[in-house]
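One-letter residues, chain by chain:
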Amino acid sequence: MTVKGNQAFKAFSVSEIEESEGSFKYLGSLTERRIADLPAGDLLIQVAYSSINYKDALSATGNKAVTRHYPHTPGIDAAGVVVESGVEAFKPGDEVVVTGFDLGMETPGGFGQFIRVPVDWAVRLPAGLTLEDSMIIGTAGFTAALCVDKLLTNGLAPEYGPVLVTGASGGVGSFAVALLSQLGFEVTAMSGSAEAAEFLKELGATEIIDREHFAEAGKRAMLSERWAGALDVVGGDTLFNVIKSLRYGGSVACCGLVAAPSFHATVLPFILRGVNLLGVDSVNLPMAQRLPVWQRLGEEWKLASLARLRQPISRADLESAVQQVLQGRSIGRLVLDHAAEP
Ligand SMILES: NC(=O)c1ccc[n+]([C@@H]2O[C@H](COP(=O)([O-])OP(=O)(O)OC[C@H]3O[C@@H](n4cnc5c(N)ncnc54)[C@H](OP(=O)(O)O)[C@@H]3O)[C@@H](O)[C@H]2O)c1
């Protein structure tokens, strides 16, 4: 396929509109972009699939911690085919996956049919996965896998007891429930969504608890020991309630902040129960650590329930999907298929 600089392509683009002095609103719409508008980079990629993550919803609604310059094409995930390559490592026709780094933040992302990125951001499509599979996984699933990997490295094993997943019906949470249960863990899913209960059970959760009970910072310094490990996407006081409920020597992998970035804490669970708080970042993870996790996701960690997580959408659905994510109502993984007719 040859692509000319003036060739147009379709994209979901977000514009910043000044309503009154210093006050802006953000409008998403289906637009045309040109290849020549894309930034310089080693690889021009025709995007087949993308997905929606929490961060995309922030970028699409003017969160300046994610995106400062508009008009902008969000999409922190993209999977597709190399169309032009300025480097030896990839040739036209190669299938690649790009997640994280600056994609979809300041760099036009996967909500457009083409992206151009530095070679250091691209992962060859792992064996065992289709392009669509890789976007059912996307940043959310990849992050869940990083959390599980860190918990296992810190000694978690199924025989030590149940594991808790918070924000369980969302992208990271649902993938984590499925992966942990496939690895033989007894999984408790914490959720605020009653309609997701059946879905979470199908993914392997054996217990579902209401997130409301864990949302407030309580007065008690410690809570009874419940979980051998936990994976938290919620942050805020929920995270510290989880820490207070870990069994002796247990760990929680912390990767998100949907409730809040800060929490009230004491050192007591750490010095009385020896529990561990493990931070996880998927965005700037070096390639040497990124590749083995992607490989594993196509091999021994390939989810039997991968298709069950997929909620397919077209570009025309992006605006409502963004609102769904912001309201905490999305279930599973919203996968954008650029070939689906809007
Ligand atoms: N560190 C990293 O590299 C990394 C990578 C990916 C994502 N993240 C972060 O992880 C978090 C989750 O991302 P995601 O893509 O999975 O988002 P998501 O699909 O929107 O899922 C978040 C889930 O959290 C729950 N939730 C929503 N609002 C809540 C609130 N106010 N209080 C408590 N629970 C709430 C909901 O599940 P229930 O209804 O089931 O409770 C929701 O489905 C985000 O903060 C994101 O930025 C970080």
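Everything here concerns the structure above.
Figured I'd write up the structure that's included with this text. (Residues numbered from 1 in each chain as written. Predicted model: local features only at pLDDT ≥ 70, side-chain atom pairs only at ≥ 80, totals over all residues. Heavy atoms only, no water.)

**Regarding the overall build of the protein chain**
Working step 1: For the protein chain, the count of helices and strands is 9 helices and 15 strands.
Working step 2: Taking 342 residues into account, the globule formula puts the C-alpha radius of gyration at 20 Å, and the protein chain, at 20 Å, falls close to it.
Working step 3: Each principal axis of the C-alpha distribution contributes one length, and for the protein chain these read about 65 × 50 × 35 Å.
Working step 4: Buried residues in the protein chain amount to 52% of all 342 residues.
Working step 5: Put simply, the protein chain shows about 14,600 Å² of open surface, and 51% of that area lies on carbon and sulfur atoms.
Working step 6: Distance from the positive charge centre (28 side chains) to the negative charge centre (38 side chains) of the protein chain: 2 Å. (Helix = DSSP H or I, 4+ residues; strand = E, 2+ residues; numbered from the N terminus. Rg over C-alpha atoms; globule rule 2.2 N^0.38 Å. Buried < 20%, exposed > 50% of the residue type's maximum accessible area, 1.4 Å probe, protein only. Areas by Shrake-Rupley, 256 points an atom, 1.4 Å probe, with all protein chains shown as cover. Lys, Arg positive; Asp, Glu negative; His and termini not counted. Charge placed at Lys NZ, Arg CZ, Asp CG, Glu CD.)

**Some details on the packing of aromatic side chains**
Working step 1: For the structure shown, the criterion picks out 7 aromatic pairs.
Working step 2: With a centroid separation of 5.0 Å and an interplanar angle of 55 degrees, the aromatic rings of Y26 and Y70 are classed as tilted. Of this pair, Y26 sits in strand β2 (residues 23–34) while Y70 sits in the loop between α1 (54–59) and β4 (77–85), and the two are 44 residues apart along the sequence. Across the pair, Y70 and Y26 agree in class, each one buried.
Working step 3: Seen in terms of ring centroids, F214 and W227 are 5.8 Å apart; in terms of plane orientation they differ by 50 degrees. Their pairing is tilted. (Phe/Tyr/Trp six-rings, centres within 6.5 Å; stacked < 30°, edge-to-face > 60°.)

**Describing helix α3 (residues 171–182)**
Working step 1: Compared with the 16 Å implied by 1.5 Å per residue over 12 residues, the 17 Å span of α3 between its first and last C-alpha is a close match.
Working step 2: Here α3 lies mainly inside the structure; 10 of its 12 residues are buried.
Working step 3: When α3 is considered as a whole, its buried residues turn out to be G171, V172, G173, S174, F175, A176, V177, A178, L179 and L180.
Working step 4: G184 lies just past α3 and shows a positive phi near 95 degrees. (Expected span 1.5 Å × (residues − 1).)

**Things to note about unusual backbone geometry**
Leaving glycine aside, a negative phi is the common case for residues, and trans is the common case for peptide bonds.
Working step 1: Cis geometry is adopted by the peptide bond preceding P71, which originates at Y70 and carries an omega value of 5 degrees.
Working step 2: Locating P71 in the fold gives a position in the loop between α1 and β4.
Working step 3: Even without glycine at this site, F101 takes up a positive phi of about 50 degrees.
Working step 4: On the secondary structure map, F101 appears in the loop between β5 (95–99) and β6 (114–117).

**Notes on the site of the ligand**
Working step 1: Near the ligand there are 27 residues, and of these S169, S191, R211, C255 and S282 occur at the shortest range.
Working step 2: A distance of 2.7 Å is found between an oxygen atom of the ligand and a side-chain nitrogen or oxygen belonging to S169.
Working step 3: The residue makeup of the shell around the ligand, split by class, is 11 nonpolar, 14 polar and 2 charged. (Near = heavy atom within 4 Å. Polar contact = N/O pair within 3.5 Å; in protein donor to acceptor, adjacent residues only side chain to side chain. Nonpolar A, V, L, I, M, F, W, Y, C, P; charged D, E, K, R; others polar.)

**So, the sheet that holds strand β8 (residues 163–165)**
Working step 1: Spatially, 6 strands are ordered β10-β9-β8-β11-β12-β13 in an open sheet, and the strand pairing comes out parallel. Since the sheet does not close on itself, it has two edges, and those belong to β10 (205–210) and β13 (276–279), each with one partner. Averaged over neighbouring strand pairs, the angle between their axes works out to 20 degrees when direction is ignored.
Working step 2: Helix-sheet contacts for helix α5 (residues 236–244) involve β8, β9 (187–191), β11 (227–232), β12 (246–254) and β13, and the interaxial angle to β12 is about 150 degrees. (Pairing = 2+ DSSP bridges. Axes fitted to C-alpha atoms, helices over the stretch in contact; angles between N-to-C directions. Contact = heavy atoms within 4.5 Å.)

**So, the pattern of salt bridges**
Working step 1: All chains considered together, the criterion is met by 11 salt bridges.
Working step 2: K64 is paired through a salt bridge with E16; the nearest N and O atoms lie 2.7 Å apart. Placement of the pair is K64 in the loop between α1 and β4 and E16 in strand β1 (residues 8–20), with a sequence separation of 48 residues.
Working step 3: Judged by relative accessible area, which is 37%, K64 ranks as partly exposed.
Working step 4: With its nearest N and O atoms 3.7 Å apart, the salt bridge here joins D77 to R333. You can see D77 sitting in strand β4 and its partner R333 sitting in strand β15 (residues 333–337), a full 256 residues away along the chain. An identical accessibility class is assigned to D77 and R333; each is buried.
Working step 5: Three or more residues are tied together by salt bridges with common partners; here these are D149, R296 and E300. (Salt bridge = Lys/Arg side-chain N within 4 Å of Asp/Glu carboxyl O.)

This is a description of form; function is not addressed.
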